[in-house]
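Tertiary structure, described
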Amino acid sequence: MSDFIAQIAERVREHAARKSPLRIRGGGTKDFLGATGAGEPLDLSSYAGIVAYEPRELVLTVRAGTRISDIERALEAEGQMLPFEPPRFGEAATIGGTVACNLSGPRRPYAGAARDFVLGARIVNGKGEDLSFGGRVIKNVAGYDVSRLMAGAFGTLGVLTELSFKVLPRPAAEATLAFEMDEAAMIEAVNRWAGQPLPLSATAWESGVLRVRLSGAASAVAAARAKLGGADVPEGADYWQSLREQALPFFGGDAPLWRLSVAQTAEPLGLTMPQLVEWGGGQRWLRGEAELGPMRDAAQKARGHATRFRGGERTAGVFHPLAPAIAKIHRRLKEAFDPAGILNPGRMDNF
Amino acid sequence: MNALALPPAAPLETRRADVAGRLRECLPAGAVLVSGEDLRPYECDGLSAYRQTPLVAALPATEAEAAAVLRVARETGTPVVARGSGTGLSGGALPLADGILLAMGKFNRILEVDPASRTAKAQPGVRNAQITEAVAPHGLYYAPDPSSQIACSIGGNVAENSGGVHCLKYGLTVHNIQKVRALTIEGDAVEIGCDALDAPGYDLLATITGSEGLLVLLTEVTVKLLPKPQVAQVVLASFASVEAAGEAVAAVIGAGIVPAGLEMMDRLATAAVEDYVHAGYDLEAEAILLCESDGTAEEVAEEIGKITEVMRNAGSTGFRVSGSEAERLKFWSGRKTAFPAVGRISPDYYCIDGSIPRGAVSKVLRRIAELSAHYGLRCANVFHAGDGNLHPLILYDANVPGEFEKTEEFAGDILELSIEVGGTITGEHGVGVEKINQMCAQFRTAELEQFHAVKAAFDPPGLLNPGKAVPTLHRCAEYGRMRVSRGQLPHPDIPRF
């Protein structure tokens, strides 16, 4: 199978020589995400399979084309999970694409993002070199953390070929509670609770209803339930699954979907658009046509950034602009990993 | 801009006078040190076997002053080594003879505590433990707790991506910081990270964390805070062999438990600490485990029950559960003072930081025992068993000619052994100057070149802590030749596995 990596490296070298862009693809479930890329497809979906999984080490190594569904099945058989609860947006979703987009689900504020669980990455850089960074141990500070740098780089710095993760045991018990409250009260409440030793694992608020998920030891979940009150939501697991996959009615239809990632305690944005707030106030989804300027202003006022997540204009301005000095470092990093500029060019707007 | 710079070949004293003169133009009196006596406190960090007097030391107190120091460095082509509390264990803050030592000790204020968003903004010279002290009234704490936490600085923690005894459950520094403010060598003040849970663009925050001062100079760090667990309890378990203790570690994890802390110590280490702090350790045991549970009262009761059952099934020859907070702290006191305790039974000791898959622990400890016999040097083992981070402490006497060299060789063998079993040469102490040769064994040429390219993206002139953390290819070539000249593998007389 490592012949496959040699072939990928050869293909990248050949494209680098003639400065011909490559569009890296896994399951093709995230084409909607990021700016429209250019180039010939470079398909990783056949490079699939678990390389090593040692449940007692809490470490998993997989080929980048492995489907999330296959990984989750293997982990579930051992009572473990990918703690960042990655959304798939389609059955064909691969782990490579998930890490490239740094996609994390409802558990993110309480467990960590995809990047937090990446322990190692094998990549092919834009020069066609097969490189390994990080490793298969929990603690590792040898060299710069290039593995985590790959998370959220949308394939613009390297083709991910193999990835190692820290995994965790699945919680023994879960419960979902619902509360009726307005947005300001919700923001205050979820942040107050997050400052207390409670087994929170997700929050979501829409149309005046806050749902809270508790995960952990059965005794801890029961105690927190008694403490928080609220109404029991028996079909809670389905709700979180639908939220994670953006299958709730809120996400239906063709209206553009905006993602505002803001300070969790930021007060209500005051935009007159349908809104769903999750991540303890930190991730605010908005629906509808809107000008870029006011959306970015609203995000910035809330100490965060705005992304056109789905729909709308996708050729430029998908992501929040970077400060000039930060953009300068980005340009140089891109040059350092992909001097010919052939890996997913333009997928991150300017990179 | 460089027109006034002296040629690099200018004698050291001429350069010293020139750089000090320029620094004095922008820093207050007393903030530029040049005399040998004044520079002595800065000549080493926690790795005191390596010493070097810097060209000058600069002690800025504000971001503007720090920026001025970097400007002088840039204009004169002088390297800069930043230093926090100087507790680092890999020589990351070792000065350069021709470089400015930039001491960040005056950046010692906590700028903001925001209990609602569970964050605190601190200057880089603030001590790790100082943050937890400041936020404790809000029921919060900062989770990463390196053993040196009463002294080490948060800036140094970010530079090294420091860990501690609670990493398996709570993560490393990289998981517990939100944002930093920093200066680039080019003079830009940048915010890296975001007040939101993620930032647009590449994950520069992860890149600078653990970068050992080679990419940017930190001026502010915003850390994430966690609610202090209501209760913590620890199980102290004895084992008749190191292998049995290693199996128990795997069994705890295998039972779906993520303990707040899981530490192992071997007999030489427990004997040293017992003599020092009387932590109540079992001196008959070949190895002991400390396994901590924290959380709500209900959670801890449930988890401690599970842990004791696992220990019993794993063949523990005896265990005790802390019955009070005082007893819990007493059990931990031995582990936390392991380094100074070992310091009492040997004139000198050398700490190693290999990180290995937990499954390899028995093999690695057995091999270390063989190497110990081969070199004729005792070795006490202290192990963050939960996350696979091993700290063998080699006991030696620097006054015995040749013993330090032997110790370094022993250490190098352990690090290469760590790589061999699928681990890494450094789990949390950093590469610094100490492990720079082993980086040549851990990474291939193209990977090292990629690291150098990353550095150049942040620091084009290459003036921030040059020569540390990532070896030049030339150095690796030299190192490779040296090892080849000794024959195929080092110590062919020792059985390898």
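Every value quoted in this text rests on a predicted model; they were computed, and no experiment measured them.

**Some remarks on the overall build of chain B**
Scanning chain B from N- to C-terminus turns up 17 helices and 18 strands. Projecting the C-alpha coordinates of chain B onto the three principal axes gives extents of approximately 75 × 60 × 40 Å. Counting all 497 residues of chain B, 56% fall into the buried class.

**Here we look at the overall build of chain A**
Each helix and strand in chain A was counted, giving 11 helices and 17 strands. Taking 2.2 N^0.38 as the reference for a compact globule, 351 residues should give roughly 20 Å; the C-alpha atoms of chain A span a radius of gyration of 21 Å, in line with that estimate. Seen along its three principal axes, the alpha-carbon backbone of chain A occupies a region of about 60 × 50 × 35 Å. A total of 351 residues make up chain A; the buried ones form 55% of that total.

**Considerations on the pairing of strand E9 (residues 189-193) of chain B**
All names here are of chain B. Relative to E9, strand E8 (residues 177-183) runs antiparallel, the two being bridged by 5 bridges. Note that in E9 the partner of Ala182 across the bridge is Val190. In this structure, the hairpin formed by E8 and E9 is closed by a connection of 5 residues, where Gly187 is found at a positive phi of approximately 100°.

**Points about the interface of chain A and chain B**
At the junction of the two partners, chain A supplies 67 residues and chain B supplies 78 residues. With 7 residues, helix H11 (residues 324-337) of chain A is the largest single contributor of residues to the side of chain A that touches chain B. In the side of chain A that touches chain B, the residues fall into 33 nonpolar, 21 polar and 13 charged.

**Structural notes on the pairing of strand E4 (residues 100-103) of chain B**
All names here are of chain B. A two-sided burial pattern is seen for E4, the buried positions comprising Ile100 and Leu102 on one face and Leu101 and Ala103 on the other. Bridge count between strand E3 (residues 80-83) and E4: 4 bridges; the pairing is parallel. Across the sheet, Ala82 pairs through a bridge with Leu102, a residue of E4.

**Looking at the packing of helix H9 (residues 267-277) of chain B against helix H12 (residues 338-345) of chain B**
Residue and element names in this part refer to chain B. In the contact formed by H9 and H12, the axes pass within 8 Å of each other and the chain directions differ by 90°. By the angle class used here, H9 and H12 are roughly perpendicular. Where H9 abuts H12, its residues Ala269, Ala272, Val273, Tyr276 and Val277 lie against Ala338, Ala341, Val342, Arg344 and Ile345. Looking at the contact of H9 with H12, its residues break down into 9 nonpolar, no polar and 1 charged.

**Examining the domain arrangement of chain A**
Reports of interface size often rely on the accessible area that becomes lost once the parts have come together. Residue and element names in this part refer to chain A. One can read the domain layout of chain A as domain 1 (2-169 + 332-337) and domain 2 (173-310). Each of domain 1 and domain 2 was reduced to a C-alpha centroid, and the two centroids are 27 Å apart. With 12 residues of domain 1 in contact, the opposing surface of domain 2 contributes 17 residues. Within the side of domain 1 that touches domain 2, the residues separate by chemical class into 7 nonpolar, 1 polar and 4 charged.

**A word on the sheet that holds strand E16 (residues 348-351) of chain B**
Residue and element names in this part refer to chain B. Taken in spatial order, the 7 strands make up an open sheet running E15-E12-E14-E13-E17-E18-E16, and their pairing is antiparallel. On the outer flanks of this sheet lie strand E15 (318-321) and E16, each paired with one strand and no other. Taking each pair of neighbouring strands and ignoring which way they run, the sheet shows an average axis angle of 15°. For strand E12 (residues 231-239) and strand E14 (residues 287-295), the ladder comprises 9 bridges, and the chain directions are antiparallel. In the sheet register, Leu236 faces E14, and the bridge partner there is Leu290. On top of the sheet, helix H10 (residues 297-313) reaches E12, E14 and E15; it is set at about 5° to E12, its chief contact. Where helix H11 (residues 325-336) meets the sheet, its contacts fall on E12, strand E13 (261-266) and E14, and the angle it forms with E12 comes to roughly 55°.

**Re the nonpolar core**
All names here are of chain B. Formed by 231 residues in total, the largest nonpolar core has its most connected members in Ala248 and Leu289. Element by element, the count of residues in this core is highest for helix H8 (residues 242-254), at 7 residues. In this structure Leu289 touches Ala237, Phe239, Ala245, Ala248, Val249, Leu262, Glu263, Met264 and Ala385, once residues within four positions along its chain are discounted.

**Here we look at the packing of helix H13 (residues 361-375) of chain B against helix H14 (residues 403-420) of chain B**
All names here are of chain B. Between H13 and H14, the least distance of the axes is 11 Å, while the angle of their chain directions is 160°. In terms of axis orientation, H13 runs roughly antiparallel to H14. Relative to H14, the crossing made by H13 is right-handed. Together, Val364, Arg367, Ile368, Leu371 and Tyr375 of H13 and Lys406, Phe410, Asp413, Ile414 and Leu417 of H14 make up the contact between the two elements. Tallied by class, the residues present in the contact of H13 with H14 amount to 7 nonpolar, no polar and 3 charged.

**Here's the deal with the domain arrangement of chain B**
Partitioning chain B into domains gives domain 1 (12-103), domain 2 (110-227), domain 3 (231-340) and domain 4 (346-485). A straight line from the C-alpha centre of domain 1 of chain B to that of domain 3 of chain B covers 43 Å.

**A look at the sheet that holds E3(B)**
Residues and elements named next belong to chain B. Ordered in space as E1-E2-E4-E3, the 4 strands form an open sheet in which the pairing is mixed. With partners counted over all chains shown, the strands left at the sheet margins are strand E1 (32-33) and E3, one partner each. Helix H1 (residues 12-26) contacts E1, strand E2 (56-58) and E4 of the sheet and is inclined by roughly 15° relative to E2. Seen against the sheet, helix H3 (residues 63-76) touches E2, E3 and E4 and runs at an angle of roughly 170° to E4.

**Remarks on the confidence of the model for chain B**
Averaged over every residue, the pLDDT of chain B is 93; residues scoring 70 or more account for 95%. A low-confidence stretch, residues 484-497 of chain B stays under pLDDT 50, and its non-local contacts, those more than four residues away or across chains, total 7 contacts.

**Some points on the environment of Leu365(B)**
All names here are of chain B. Along the chain, Leu365 turns up in helix H13. We classify Leu365 as buried; it has 24 C-beta atoms within 10 Å. For the pair Leu365 and Ile414, spaced 49 residues apart in sequence, the C-alpha to C-alpha distance is 9.7 Å. In this structure, Leu365 is in contact with Val242 and Asn381, ignoring residues within four places of it in sequence.

Criteria and thresholds
- Residues numbered from 1 in each chain as written.
- Chains lettered and ligands numbered in written order.
- Predicted model: local features only at pLDDT ≥ 70, side-chain atom pairs only at ≥ 80, totals over all residues.
- Helix = DSSP H or I, 4+ residues; strand = E, 2+ residues; numbered from the N terminus.
- Buried ≥ 20, exposed ≤ 12 C-beta atoms within 10 Å, placed from the backbone.
- Rg over C-alpha atoms; globule rule 2.2 N^0.38 Å.
- Pairing = 2+ DSSP bridges.
- Contact = placed C-beta atoms within 7 Å.
- Nonpolar A, V, L, I, M, F, W, Y, C, P; charged D, E, K, R; others polar.
- Axes fitted to C-alpha atoms, helices over the stretch in contact; angles between N-to-C directions.
- Parallel < 35°, antiparallel > 145°, perpendicular 65-115°, else oblique.
- Domains from an automatic or database assignment.
- Core = buried A, V, L, I, M, F, W, Y, C linked by C-beta atoms within 7 Å.
- Left-handed = near helix turned anticlockwise from the far one by under 90°.
- pLDDT = per-residue confidence, 0-100.

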